[in-house]
Protein chains: 2
Amino acid sequence: MIEVTLIGTGRLSFNLMNEILNNKRFKLNQVFGRSKFRPKHISDDVDYIKEIKNINNSDFYLIAVSDNEIYNVSNQFDAKEGIVLHVSGNTNINVLSNHKNYGVFYPLQTFSYETNLNFREIPIIIEANNKINQKKIEKFSKIFSKKVCKMSSNERAICHLSATIANNFTNHLVFKAEQILEKNGIDKKILQPLIKETFNKLDRMTTSEAQTGPALRNDNLTIESHLRQLNESDFLNLYKEITKSIRSNEL
Amino acid sequence: MIEVTLIGTGRLSFNLMNEILNNKRFKLNQVFGRSKFRPKHISDDVDYIKEIKNINNSDFYLIAVSDNEIYNVSNQFDAKEGIVLHVSGNTNINVLSNHKNYGVFYPLQTFSYETNLNFREIPIIIEANNKINQKKIEKFSKIFSKKVCKMSSNERAICHLSATIANNFTNHLVFKAEQILEKNGIDKKILQPLIKETFNKLDRMTTSEAQTGPALRNDNLTIESHLRQLNESDFLNLYKEITKSIRSNEL
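What counts and how
Residues numbered from 1 in each chain as written. Chains lettered and ligands numbered in written order. Predicted model: local features only at pLDDT ≥ 70, side-chain atom pairs only at ≥ 80, totals over all residues. Heavy atoms only, no water. Least-squares fit on C-alpha atoms with pLDDT ≥ 70 in both. Buried < 20%, exposed > 50% of the residue type's maximum accessible area, 1.4 Å probe, protein only. Helix = DSSP H or I, 4+ residues; strand = E, 2+ residues; numbered from the N terminus. Pairing = 2+ DSSP bridges. Right-handed = clockwise from strand over helix to strand, strands pointing away. Expected span 1.5 Å × (residues − 1). Phe/Tyr/Trp six-rings, centres within 6.5 Å; stacked < 30°, edge-to-face > 60°. Salt bridge = Lys/Arg side-chain N within 4 Å of Asp/Glu carboxyl O. Contact = heavy atoms within 4.5 Å. Axes fitted to C-alpha atoms, helices over the stretch in contact; angles between N-to-C directions. Polar contact = N/O pair within 3.5 Å; in protein donor to acceptor, adjacent residues only side chain to side chain. Buried area = accessible area lost by both parts, 1.4 Å probe. Nonpolar A, V, L, I, M, F, W, Y, C, P; charged D, E, K, R; others polar. Disulfide = S-S within 2.5 Å. Domains from an automatic or database assignment.

Here chain B sits on chain A after a turn of 180° about the axis and a move of 0.0 Å along it, with an RMSD of 0.0 Å. The transformation relating the two chain copies, once decomposed into turn and shift, fits a two-fold axis. Minimal C-alpha distance to the rotation axis in chain B is attained by Thr170(B), lying at 2.5 Å.

See below:
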């Protein structure tokens, strides 16, 4: 059995904990968190520690804390022969170089407390401080997912940027679309079938093929009418910029 | 049986044609198109006409042509007692005022030639030139969908703007996210599970609850690192603007 220690208690840690607890090849050794009280999603069977000095030996340590805390946390414990992994998309592997064996385990996905994701389908981007550890981290990661990719810290950062756009930015635009409806007294639920189909389409065609709308077909009358509707709205500038971007990619 | 004539042969017309052909309460009278040759998605059983003067009497005429053609097409035929409907989100009902009976039938959805949409779930926004026609258009629309909403031309235009943002703009951002990967030699398929979950999440929570990422949590280190990666990219300005928009909505 592979012993795993989880450091951090956020959304990603919660999802990793469930994966580890539900897989007989793993033993969840400890979960470390800053909170005085055991977070409600961590069951009493789990050894929850609040002092990092109480950390004991594991095969793998997964550091799932906010990016700017990784270095601090990493320097507060001695992993001995264990492999220390951070799970961040945008953090260099070297932040863990105080350890003998270290690397990166970055699942390219958005996580929440309510979800029931199929981890087997989640791409896990890995990196290691040497070839021996790379083999070990690869083997470890393949227990979680069938999509394990080796990348440099730079390539991983590109994936993180891309994920930020595909997830955070698109979600924000849907939020703005709903906000425009609500400001005009229209129930935002009316958008739901469209949002669903927008992304279902991408199972059948590329984003280029799926692109439609006034910006793509240079329908200036519609664009001008939209701009009039957005007059004085905080979305006006963004509407112009995205329209420009759609147009420039079709030249 | 309700006789329906379709004017136009684009994506929406194609989807409407299939709905009409598959419903025993409808008879597809004619399909008018500008193309000399019968478009390949229109079967030989359908009376395809290329000259609008050959149009004959129907209960409903659905004008599914590009917005700036609606007025022209509408003025080229005499609907007599039939009800003429356009299917545009952003066109005033008055463009059809040369007819006695007219209105709007706007399905709030994105359409493609390959799709197999459940029309029953698609919101159809209707408008009519008088109360009698409104009843008739409502009854007609309810054969297509269980979500029929009456709105003014202004309210419908708000829905169209909102739909443009939720569909065209989000699709473009996913395209840009993929483009960034490809420019760096990374297979864009790595984003697929994330894109799927981004929109699956919206079945379980609101866009506000689903929002995550560096802009929301004011993670300046990550944002600066993204900006460095985007240096000289045509997406740099858009990255800044969307980040600003995410931040300003959380103030």
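Having seen it, we continue.
With that settled, the discussion passes to the pairing of strand E7 (residues 124-128) of chain B. Side chains on a regular strand alternate between the two faces of the sheet. Residues and elements named next belong to chain B. Where burial is concerned, most of E7 is hidden: 5 out of the 5 residues are buried. Both faces of E7 are covered, namely the face carrying Ile124, Ile126 and Ala128 and the face carrying Ile125 and Glu127. Where E7 meets strand E8 (residues 148-150), 3 bridges bridge the pair, whose relative direction is parallel. Each bridged residue has a counterpart across the sheet, and for Ile125 the counterpart in E8 is Cys149. For the crossover that starts at E7, traverses helix H3 (residues 131-144) and ends in the parallel E8, the hand is right-handed.

Residues and elements named next belong to chain B. With 31 residues, helix H4 (residues 153-183) ought to run about 45 Å at 1.5 Å a step, and its terminal C-alpha atoms sit 43 Å apart, in line with that. The buried fraction of H4 amounts to 27 of the 31 residues, a majority that puts the element mostly inside the structure. Gly185, located one to two residues past H4, shows a positive phi value of around 75°.

On to the packing of aromatic side chains. Residue and element names in this part refer to chain B. Using the criterion set out here, one finds 23 aromatic pairs over all chains in the structure. Ring geometry for Phe26 and Phe140: centres 5.6 Å apart, planes at 70°, overall edge-to-face. Of this pair, Phe26 sits in strand E2 (residues 26-32) while Phe140 sits in helix H3, and the two are 114 residues apart along the sequence. The exposure classification of Phe26 matches that of Phe140, with both residues buried.

Taken as a whole and judged by the stated rule, the model has 24 salt bridges over all chains. Here Lys146(A) makes a salt bridge to Glu121(A), at a shortest N to O gap of 2.7 Å. Here Lys146(A), found in the loop between helix H3 (131-144) and strand E8 (148-150), pairs with Glu121(A), found in the loop between strand E6 (101-107) and strand E7 (124-128); they are 25 residues apart in sequence, far enough to count as distant. Judged by its relative accessible area of 28%, Glu121(A) falls in the partly exposed class. Among the salt bridges present, the one from Arg217(B) reaches Asp219(B), with a minimum N-O distance of 3.4 Å.

Our focus in this paragraph is the sheet that holds E7(B). Residues and elements named next belong to chain B. Read from one edge of the open sheet, 8 strands run E3-E2-E1-E4-E5-E6-E7-E8, paired in mixed fashion. Each having just a single partner strand, strand E3 (48-49) and E8 make up the two edges of the open sheet. The sheet contacts of helix H1 (residues 11-21) involve strand E1 (2-7), E2, strand E4 (60-63) and strand E6 (101-107), and relative to E2 the element is tilted by about 150°.

Residues and elements named next belong to chain B. An ideal rise of 1.5 Å per residue puts 20 Å on 14 residues; H3 measures up with 20 Å between its terminal C-alpha atoms. Of the positions making up H3, those classed as buried are Asn133, Ile137, Glu138, Phe140, Ser141, Ile143 and Phe144. Measuring from the backbone nitrogen of Ile132 back to the side-chain oxygen at the start of H3 gives 3.1 Å, which picks out Asn130 as the cap.

Here we take up the environment of Asn130(B). Residues and elements named next belong to chain B. The topology assignment puts Asn130 in the loop between E7 and H3. Using a relative accessible area of 33% as the deciding quantity, one classes Asn130 as partly exposed. Separated by 92 residues in the primary sequence, Asn130 and Thr222 have C-alpha atoms spaced 57 Å apart.

Take the interface of chain B and chain A next. If you look at the interface, chain B gives 87 residues, while chain A gives 87 residues. At the boundary of chain B with chain A, total buried surface from both sides reaches about 7,700 Å², with 63% on carbon and sulfur atoms. Scanning the region where chain B abuts chain A turns up 2 salt bridges. Between Lys196(B) and Asp203(A) there is a salt bridge, with the nearest N and O atoms lying 3.0 Å from each other. Breaking the side of chain B that touches chain A down by element, the ones donating at least two residues are H4, helix H5 (192-204), helix H6 (207-210), helix H7 (220-229) and helix H8 (236-248) of chain B. With 26 residues, the single largest contributor to the side of chain B that touches chain A is H4(B). By residue class, the composition of the side of chain B that touches chain A is 39 nonpolar, 31 polar and 17 charged.

Before going further, it helps to spend a moment on the state of the cysteines. All names here are of chain A. Under the definition given, this model contains 0 disulfides over all chains. The cysteine Cys159 is free of any disulfide, with Cys149 supplying the nearest cysteine sulfur at 7.5 Å. In this structure Cys159 comes out as buried when scored by relative accessible area, which is 1%.

Residues and elements named next belong to chain A. What the domain assignment reports for chain A is domain 1 (2-151) and domain 2 (156-248). Distance between the C-alpha centres of domain 1 and domain 2: 35 Å. Buried area between domain 1 and domain 2, both sides added, is near 740 Å², and the carbon and sulfur share of it is 57%. Inspection of the region where domain 1 meets domain 2 yields 1 salt bridge. Across the salt bridge formed by Glu127 and Arg156, the nearest N and O atoms sit 2.8 Å from each other. One can count 4 residue pairs in polar contact (both at pLDDT 80 or more) joining domain 1 with domain 2. Among the secondary structure elements, those contributing two or more residues to the side of domain 1 that touches domain 2 are E6 and E7. Class assignment of the residues belonging to the side of domain 1 that touches domain 2 gives a composition of 6 nonpolar, 7 polar and 1 charged.

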